[in-house]
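Here's the letter readout for the chains.
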Amino acid sequence: MAFESLSERFQKIIKKVKGQTRLTESNMDEMLKEVRIALLEADVNFKVVKEFTESIKQKAIGEEVYLKLNPSQMVVKIVHDELTSLLGSDSSELIYQKNKPTVIMLVGLQGTGKTTSAGKLALLMKKKLNKKVLLAAGDVYRPAAIDQLKQIGSQIDVDVFSLGCDVSPVEIAEKAREKAFNEHYDVLILDTAGRLAIDEPLMKELNDITNDITPDETLLLVDAMSGQDAINVANAFNADLKISGIIMSKLDGDARGGSALSIKYLTGIPIKFAGVGEKLTDLDVFHPDRMADRILGMGDVMTLVEKVQEEIDEKEARKDAAKMMSGEFTLDDMVAQMKKVQKLGSLGGLMKLIPGMPSLTEEQKLVAEKEMKNLEVIVNSMTPEERRHPEILKNSRKVRIAKGSGKTNADINRVIKKYEQSKEMMKRMKQYQKSGKVPPGMGGMLPPGMGGMM
Amino acid sequence: MGLFKLLKEKFSKKPVEETSTYVEGMAKSRSNFASKLDELSKLYKEVNKEYFEKLEEILIEADVGVELSLKIIDEAFTESKSQGIKDPKTINELVVDKMFLGYATKGGNIHNEIDFVDNGPTVLLVAGVNGVGKTTTIAKLAHRYIKKGKKVMLCAADTFRAGAVEQLTVWATRLNCEIVVGKPESDPASVAFDGARKAKENHVDLLIVDTAGRLQNKVNLMNELAKICRVISKEIPNAPHDAFLVIDATTGQNGLSQAKQFLDCIKLTGIVITKMDGTSKGGIILAIRDMLGIPVRFIGLGERMEDLEEFDLDKYLYGLCLGDKYE
């Protein structure tokens, strides 16, 4: 089907190969055909696809001995390695000037997300790097584009420089740069109007801005949904403006973003950021190697670990783990753990990061999230004593809790059952840990309650 | 070979003016695709397997989609064998024929203009993913029907994106037409409901409802869209009478997923393909038609409010495939 993700396709290919003891020329061809279709459906440029499948074939033939031993693992590895090298291996961050403002210009086609990304970028720099940021409204063409940037600026408490829409963008850029210098801003982010790369007057305008304010970074916005033509667009912008990096927007959609990968491969311009949602915090530094894992359906384990570390105090996690391992586990602990999980983002987003869990549908994710909320409401209606010792929950208590939380008796029973399952899971994990099957420390990472929900 | 020749004859007899907007607007898309087809046919004296592979690449490069491209090329290959066709140009024509036929025979008859209901306002809902040009398209459509003497009202139900309401308000002022707006971050369905009520009260012919851009995999946002439709239909039975999905011509294979999931959620009656004045070919509309039967109703060819044309398959394929030679 056309809507399968690249990882699903690969998983199917890998399954096909799994059953066979050795890789022959014919099943290899069949597999490469699937790889080709998968990549083309992911909007990877057809030239890149050609080279990609060719190099996989070359490598696979070279590794004949290993293939006989374990074809599926070998295929995963080769495809993964090739994808990684196609994406580039390191994440490339922005370089900041030391004693003067770093000037960043955002360019791209209409509707790729320049204005939103300008706000996200400003927030990222302000929050994570403590930079003093100035946003400049250089889109004088689209109705209300300046309003949009001003609203975003006030949402994130970042200054917005604008001269209205009757002044030329070149002049706006110059004046904004002056202000950034005089008032000691660390970063100036210039938003520009969307334009076609073949629109000569508008491209000249960008050129004039570049000559006047010499941006340190010129970032091109590429929509994750864009098709085969994206490479032509990137080439045209790059020829005129010397693009220093790509921001890939709308990666939270179900588009596979193959086009941006093609751009990296064919032009060498690194992808620096990825837009992953509608909120202004939804901008991530782009990690090429992890993206390959994600495409392959291995799950973005590193990102998950990082997110966990960022949001949860490590000490607390260790304490929790110790407590859980000792078998002492209350309803309060269960809710607290689940709240931490929620802090990591929506459950749906989290699931995508965990390997081997591609089968959860959006509906199921929503149901799971709703269930978590229900659980909290119910536990909050219990006395501290009941939370510590759920075994004392007899009918009269249940009726009271049901009334207090606006739920039914059956709901309460479900919570208790889930608690028991989680507790059981903790016990088992403890045994596993003793027998060395689960690496120590993993306990803190695995949220209880998830086991009962799967 | 009938159709393609017919198509050519049809256009060579027609005055140039009629096709000129398409030819101009699509100059960039056309030159790429048409010249590639032409160049390829000159490289080969006789078609062979390699020729078909190259042909397939040209289709894929136009974002026609892997599945449909493979299907068209496979069929052309089989026919060339069974009928002994070796001439590259004839094969090219056969391929374009298949694109034409495929589109024309999938789904119902194609009527592009909005059908106005007899009593009360006709409601058009405009939806799509972020950044495809919904608001601009609405301004263009409003302009089109105001020019036709209709009383048009806009409804700014994109209460989410910063500046969206202001953007539509600027257009309403330029177009000198009424607009219904809600409070920022208010429930879009309530704004739509207000719009429907006011449209009825003010005896408006056409109410165009703008909605926030939403990615089709966001279940909550898609449910919200369905709710907007439900709420409108409470005030005006059978409304929205038309629901357009706006698709950006640069969109690749994800366009299929967009069309499918929006169709699952609301009763789509057509597609508006925007930004066709760029270098993208918008071939995904052929794949969408092939798979889901949704027709393209209008085509956006620039940023001015006049830059909207009724979609015409003949003209589209003419602009895309035949190139300068037949002007």
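Small disclaimer: the values here were computed from a predicted structure and weren't measured. Just so you know, the residues in each chain are numbered from 1, in the order the chain's sequence is written. Labels follow written order: the first chain is A, the first ligand is 1, and so on. In keeping with the predicted nature of the model, local features appear solely for residues at pLDDT of at least 70, side-chain atom pairs appear and are counted solely at 80 or more, and the whole-chain, interface and lining totals rest on all residues. Calculated side-chain values reflect all of the structure's heavy atoms, with hydrogen atoms and water omitted.

(A) Structural view of the overall build of chain A. What counts as a helix is a DSSP run of H or I of at least four residues, what counts as a strand is a run of E of at least two, and both are numbered from the N terminus. Secondary structure summary: chain A contains 22 helices and eight strands in total. Expressed as a percentage of the 454 residues in chain A, the buried residues total 50%. Any pair of residues with heavy atoms lying within 4.5 Å of one another is described as a contacting pair. The contacts of chain A with a sequence gap of at least 6 include a subset with a gap of at least 24, amounting to 74%. Here the term buried applies to any residue with accessible area under 20% of the maximum for its type, exposed to any over 50%, and partly exposed to those in between, with areas from a 1.4 Å probe on protein chains only.

(B) Representation of the interface of chain A and chain B within the structure. On the chain B side, the residues contacting the 39 residues of chain A number 49 residues. Salt bridge, as applied in this entry: a Lys or Arg side-chain nitrogen positioned within 4 Å of an Asp or Glu carboxyl oxygen. Our count for the chain A to chain B interface comes out at four salt bridges. Across the salt bridge formed by Lys-218 of chain B and Asp-252 of chain A, the nearest N and O atoms sit 2.4 Å from each other. Pairs of N or O atoms are called polar contacts if they sit within 3.5 Å, as long as, within protein, a hydrogen donor faces a hydrogen acceptor (for residues adjacent in sequence, only side-chain-to-side-chain pairs). Viewed at the interface, chain B and chain A are joined by 21 residue pairs in polar contact (both at pLDDT 80 or more). Elements supplying a minimum of two residues to the side of chain A that touches chain B: helix H2 (25-41), helix H3 (46-62), helix H7 (145-156) and helix H17 (362-380) of chain A. The element best represented in the side of chain A that touches chain B is H7 of chain A, accounting for five residues. Here the residues of the side of chain A that touches chain B sort into 16 nonpolar, 10 polar and 13 charged. For this classification, Asp, Glu, Lys and Arg are treated as charged, while Ala, Val, Leu, Ile, Met, Phe, Trp, Tyr, Cys and Pro are nonpolar and the rest, including Gly, are polar.

(C) Molecular detail of the pairing of strand E7 (residues 296-300) of chain B. All names here are of chain B. Within E7, five of the five residues are buried, leaving the element largely enclosed by the surrounding structure. A pair of strands is labelled paired if DSSP reports no fewer than 2 bridges between them. Both strand E6 (residues 270-274) and E7 contribute to a ladder of three bridges, which runs parallel. Opposite Val-272, over in E7, you have Phe-298 as the bridge partner. By convention, a crossover is right-handed whenever its connection, traced from the first strand over the helix to the second and viewed with the strands pointing away, goes clockwise. A crossover links E6 with its parallel partner E7, the connecting element being helix H12 (residues 284-292), and its sense is right-handed.

(D) Up close: the sheet that holds strand E8 (residues 283-285) of chain A. Residues and elements named next belong to chain A. Read from one edge to the other, the open sheet built from eight strands follows the order E3-E2-E4-E1-E5-E6-E7-E8, with strand pairing classed as mixed. Each having just a single partner strand, strand E3 (159-161) and E8 make up the two edges of the open sheet. The sheet shows a mean angle of 25 degrees between the axes of neighbouring strands, direction not considered. As judged from the six bridges shared by strand E2 (residues 133-138) and strand E4 (residues 187-192), these two strands associate in the parallel manner. Paired with Val-133 across the strands is Val-187, a residue of E4. Axes, fitted as lines to C-alpha atoms, cover a helix only where it is in contact. Angles between the N-to-C directions of the axes lie from 0 to 180 degrees. Contacts from helix H9 (residues 200-213) reach strand E1 (102-107) and E4, with the element oriented near 175 degrees to E1. Helix H11 (residues 258-267) rests against strand E5 (217-223), strand E6 (245-249) and strand E7 (271-275) of the sheet, and its axis sits at about 145 degrees to E5.

(E) Spotlight on the pairing of E2 of chain A. Residues and elements named next belong to chain A. Counting buried positions over the six residues of E2 gives six, a clear majority of the element. Along E2, one buried face is formed by Val-133, Leu-135 and Ala-137 and the opposite face, lined by Leu-134, Ala-136 and Gly-138, is buried too. Sheet topology note: the E2/E3 ladder contains three bridges and is parallel. Bridged to Leu-135 within E3 is Val-160. Note that the unit made of E2, H7 and E3 has a crossover that is right-handed.

(F) Up close: the confidence of the model for chain B. Residue and element names in this part refer to chain B. Per-residue pLDDT for chain B has a mean of 87; in total, 87% of the residues score no lower than 70. The predictor attaches a confidence to each residue, called pLDDT, with possible values from 0 through 100. A low-confidence stretch, residues 11-17 stays under pLDDT 50, and its non-local contacts, those more than four residues away or across chains, total four contacts. Under a pLDDT of 50 for its full length, residues 323-327 has, in the predicted model, 10 contacts with residues more than four places off or in other chains. Across the interfaces of the predicted complex, the ipTM metric reaches 0.86, alongside a pTM of 0.76.

(G) Main features of the packing of helix H7 (residues 134-147) of chain B against helix H8 (residues 164-175) of chain B. Residue and element names in this part refer to chain B. Put simply, H7 and H8 touch, their axes get as near as 10 Å, and they point 20 degrees apart. One way to sum up the angle between H7 and H8 is to call them roughly parallel. For the pair H7 and H8, the crossing hand works out as right-handed. In this structure, H7 uses Thr-135, Thr-136, Ile-138, Ala-139, Ala-142, His-143 and Ile-146 to contact H8, whose residues at the interface are Gln-167, Leu-168, Trp-171 and Leu-175. For the contact of H7 with H8, the residue count by class is seven nonpolar, four polar and no charged. In what follows, roughly perpendicular refers to angles from 65 to 115 degrees, roughly parallel to angles under 35, roughly antiparallel to angles over 145, and oblique to any angle outside these ranges. Whether a crossing is left-handed or right-handed is set by the direction in which the near helix is turned from the far one by less than a right angle, anticlockwise for left-handed and clockwise for right-handed.

(H) Structural view of the pattern of salt bridges. Per the counting criterion, the structure on display carries 34 salt bridges over all chains. The structure contains a network of salt bridges with shared partners spanning Glu-113, Arg-144, Lys-148 and Glu-310 of chain B.

(I) Focus on H9 of chain A. All names here are of chain A. Working rule for helices: expected span equals 1.5 Å times residues minus one. With 14 residues, H9 should reach 20 Å at 1.5 Å per residue; the first-to-last C-alpha distance of 20 Å fits that figure. Among all positions in H9, only Leu-202, Met-203, Glu-205, Leu-206, Ile-209, Thr-210 and Ile-213 are buried. In an axial view of H9, the angular spread of the buried residues amounts to 150 degrees, which keeps them on one side of the axis. Exposed side chains of H9 directed beyond 90 degrees from the buried face belong to Glu-200, Pro-201, Lys-204 and Asn-211. Downstream of H9 by one or two residues, Thr-214 has phi in the positive range, about 30 degrees. Relevant arc is that of directions from the helix axis to the C-beta atoms, nothing else.

(J) Just the sheet that holds strand E3 (residues 178-181) of chain B, in detail. Residue and element names in this part refer to chain B. The eight strands are arranged E3-E2-E4-E1-E5-E6-E7-E8 in an open sheet whose pairing can be described as mixed. Since the sheet does not close on itself, it has two edges, and those belong to E3 and strand E8 (308-310), each with one partner. Pairwise comparison of adjacent strand axes, ignoring direction, gives a mean angle of 25 degrees for this sheet. Examined bridge by bridge, strand E1 (residues 122-127) and strand E5 (residues 242-248) share four bridges and lie parallel to one another.

(K) Quick look at the environment of Lys-183 of chain B. Tracing the backbone shows Lys-183 of chain B in the loop between E3 and helix H9 (188-201). A relative accessible area of 69% means that Lys-183 of chain B is categorised as exposed.

(L) Spatial organisation of empty space enclosed by the protein. Residues and elements named next belong to chain A. The rule is simple: put a 1 Å grid over the protein atoms alone, call a set of points where a 1.4 Å probe fits but cannot get out a cavity, call an open set with protein on both sides within 12 Å along at least five of seven lines a pocket, and count a residue as lining if it has an atom within 4 Å of a point. Grid points are joined across faces, edges and corners, and a volume is the space filled by probe spheres set on the points. Evaluation of the coordinates by the stated rule reveals eight cavities of 30 Å³ or more. Space inside the largest cavity adds up to approximately 130 Å³. Taken together, 17 residues line the largest cavity, and the ones lying closest to its centre are Leu-109, Thr-112, Val-222, Asp-223 and Ser-226. Contributions of two or more residues to the lining of the largest cavity are made by E5 and helix H10 (230-241). In terms of residue count, E5 provides more of the lining of the largest cavity than any other element does, four residues in total. Looking at side-chain class alone, the lining of the largest cavity contains eight nonpolar, five polar and four charged residues.

(M) View of the side chain of Arg-387 of chain A. All names here are of chain A. Secondary-structure assignment places Arg-387 in helix H18 (residues 384-388). Judged by its relative accessible area of 17%, Arg-387 falls in the buried class. Side-chain polar atoms of Arg-387 contact the side chain of Asp-332, separated by 3.5 Å. A polar side-chain atom of Arg-387 sits 3.2 Å from the main-chain carbonyl oxygen of Val-379. Once residues within four sequence positions are removed from consideration, Arg-387 is found in contact with Thr-330, Leu-331, Asp-332, Val-379, Asn-380 and Met-382.

(N) Representation of the packing of aromatic side chains in the model. Residues and elements named next belong to chain B. Within 6.5 Å between ring centres, the rings of Phe, Tyr and Trp (the latter by its six-membered ring) count as paired, and their orientation is classed by plane angle as stacked under 30 degrees, edge-to-face over 60, tilted in between. Taken as a whole and assessed by the stated rule, the structure comprises seven aromatic pairs over all chains. Centroid distance Tyr-51 to Phe-52: 6.3 Å. Interplanar angle 90 degrees. Geometry classified as edge-to-face. Note on Phe-52: relative accessible area 5%, which makes it buried. Ring centres 5.6 Å apart and planes at 70 degrees place the aromatic pair Phe-116 and Tyr-145 in the edge-to-face group. Of this pair, Phe-116 sits in the loop between helix H6 (88-105) and E1 while Tyr-145 sits in helix H7; the two residues are 29 residues apart in sequence, bridging distant segments of the chain.

(O) Quick peek at H12 of chain B. All names here are of chain B. Counting buried positions over the nine residues of H12 gives seven, a clear majority of the element. Within the sequence span of H12, burial applies to Ile-284, Ile-285, Leu-286, Ala-287, Ile-288, Arg-289 and Asp-290. Backbone geometry just after H12 places Gly-293 at a positive phi near 75 degrees.

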